[in-house]
Amino acid sequence: MSPILFNWYSECLTKVALEGFGDFKIGGQIIHTVKYAVDLVLLAKEEKVLQDMIVKLIEIGRCYGMEMNVEKTKVMRISRQPSPVKIMINQKQLENVESFKYLGSILTNDGGCTCEIKCMIAMAKAAFNKKRTLFTSTLDLDFRKMLVKCYIWSIALYGAETWTLRTVDQKHLESFKMWCWRRMEKISWTDRVRNEDVSLRVKEQRNILHEIRKRKANWIGHILRRNCLLQRVTEGKIQGGIEVTGRQGSRRRKLLDDLKERRGYSHLKEEALDRTMWTAHFGRGFGPVVRQTTK
């Protein structure tokens, strides 16, 4: 009961403290905080608003018998050109960070996914090396590939449903895929074996980008069928200084670009409302991604 009581207690605290504060809106709704267990993230567009929110939270927190730990509290500005934020608590300035981990995902001040992808790939490679003997053994090839996809790819693709992949990110993922197959077949880079030949040797046609598309389709389908906050975030309905149809909307289009092809977002959303149609289009018939190369 203790965690439940603590969460209920902290929820009452933040609700009382932040009443009437906040300037970060999604779909017309003011979002003060993002919470998980004992973690609390305050959201604001303006530095002054964030400072006022923290001051009020500290004031009300003391009434509830709780103090904010300055050493464990960090601040980060997410922007195309991020700059330091000066937030004070008890005459002490909070530390500005360029990234932090939240629910297993890495958030960076540029709003990109490259740092998270590199981190996940590094963790997956470390896990592969720990079980290298198993993956390079004389077991059946299909069984070893299943093990790699189950235990290694699941680490590398954690949170991939929300990734907005740039060209450089796709190259990192493709390189990781080939790294797995080469290590599994004990093929060194000095052997001068082409990636196409390695793929033929392991009898693998579907690439890692195909797996990401499948996961994203499954997740996006659930989101688009619900009238929830996540749907409005995905659609880019965040009120700010520029219109949603500008640069803010471009991220939403990139996020769904793997799925909507040329048919448009409205058609994609219409299909998502029909679970049978969505499964038929993005289920088993959801073909692999094939990268065409010119000789």
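Predicted, not measured: the structure shown is a model, and the values here were computed from it.

## Description of the packing of helix α5 (residues 141–156) against helix α6 (residues 167–184)
Then, number 1: Across the interface, α5 lies against α6 with an axial gap of 11 Å and an inter-helix angle of 140°. Considering the angle they form, α5 stands oblique to α6. Considering how the two elements wind past one another, α5 and α6 form a crossing that is right-handed. Here Leu-141, Arg-144, Lys-145, Val-148, Lys-149, Ile-152, Trp-153 and Ala-156 of α5 come into contact with α6, specifically with Phe-176, Lys-177, Cys-180, Trp-181 and Met-184.
Then, number 2: Residue composition of the contact of α5 with α6, by class: 9 nonpolar, no polar and 4 charged.

## Some points on the nonpolar core
Then, number 1: Core analysis: the biggest nonpolar cluster contains 31 residues, and Val-148, Ile-152, Trp-163, Leu-173, Phe-176 and Trp-181 have the highest contact counts within it.
Then, number 2: At the level of elements, α3 (114–130), α5, α6, α7 (195–202) and α8 (208–224) are the ones that each hand at least two residues to this core.
Then, number 3: The biggest single contributor to this core is α6, with 7 residues.
Then, number 4: Filtering out sequence-adjacent residues up to four positions away, Ile-152 remains in contact with Ala-124, Ala-127, Phe-128, Phe-135, Leu-147, Phe-176 and Cys-180.
Then, number 5: Core analysis: the next-biggest nonpolar cluster, separate from the first, contains 16 residues, Leu-13, Leu-42, Leu-57 and Leu-94 among them.

## Let's talk about the confidence of the model for the protein chain
Detailed reading of the predicted coordinates is not advisable wherever pLDDT is low.
Then, number 1: For the protein chain, the average pLDDT comes to 81, and 84% of its residues sit at 70 or higher.
Then, number 2: No element of the protein chain has a lower mean pLDDT than helix α10 (residues 244–255), at 47, and none a higher one than α3, at 95.
Then, number 3: Across residues 241–253, where pLDDT falls below 50, the model places 22 contacts with residues more than four positions away in sequence or in other chains.
Then, number 4: A low-confidence stretch, residues 287–295 (pLDDT under 50), is modelled with 12 contacts involving residues beyond four sequence positions or located in other chains.

Conventions we followed
- Residues numbered from 1 in each chain as written.
- Predicted model: local features only at pLDDT ≥ 70, side-chain atom pairs only at ≥ 80, totals over all residues.
- Heavy atoms only, no water.
- Axes fitted to C-alpha atoms, helices over the stretch in contact; angles between N-to-C directions.
- Helix = DSSP H or I, 4+ residues; strand = E, 2+ residues; numbered from the N terminus.
- Parallel < 35°, antiparallel > 145°, perpendicular 65-115°, else oblique.
- Left-handed = near helix turned anticlockwise from the far one by under 90°.
- Contact = heavy atoms within 4.5 Å.
- Nonpolar A, V, L, I, M, F, W, Y, C, P; charged D, E, K, R; others polar.
- Core = buried A, V, L, I, M, F, W, Y, C linked by side-chain atoms within 4.5 Å.
- Buried < 20%, exposed > 50% of the residue type's maximum accessible area, 1.4 Å probe, protein only.
- pLDDT = per-residue confidence, 0-100.

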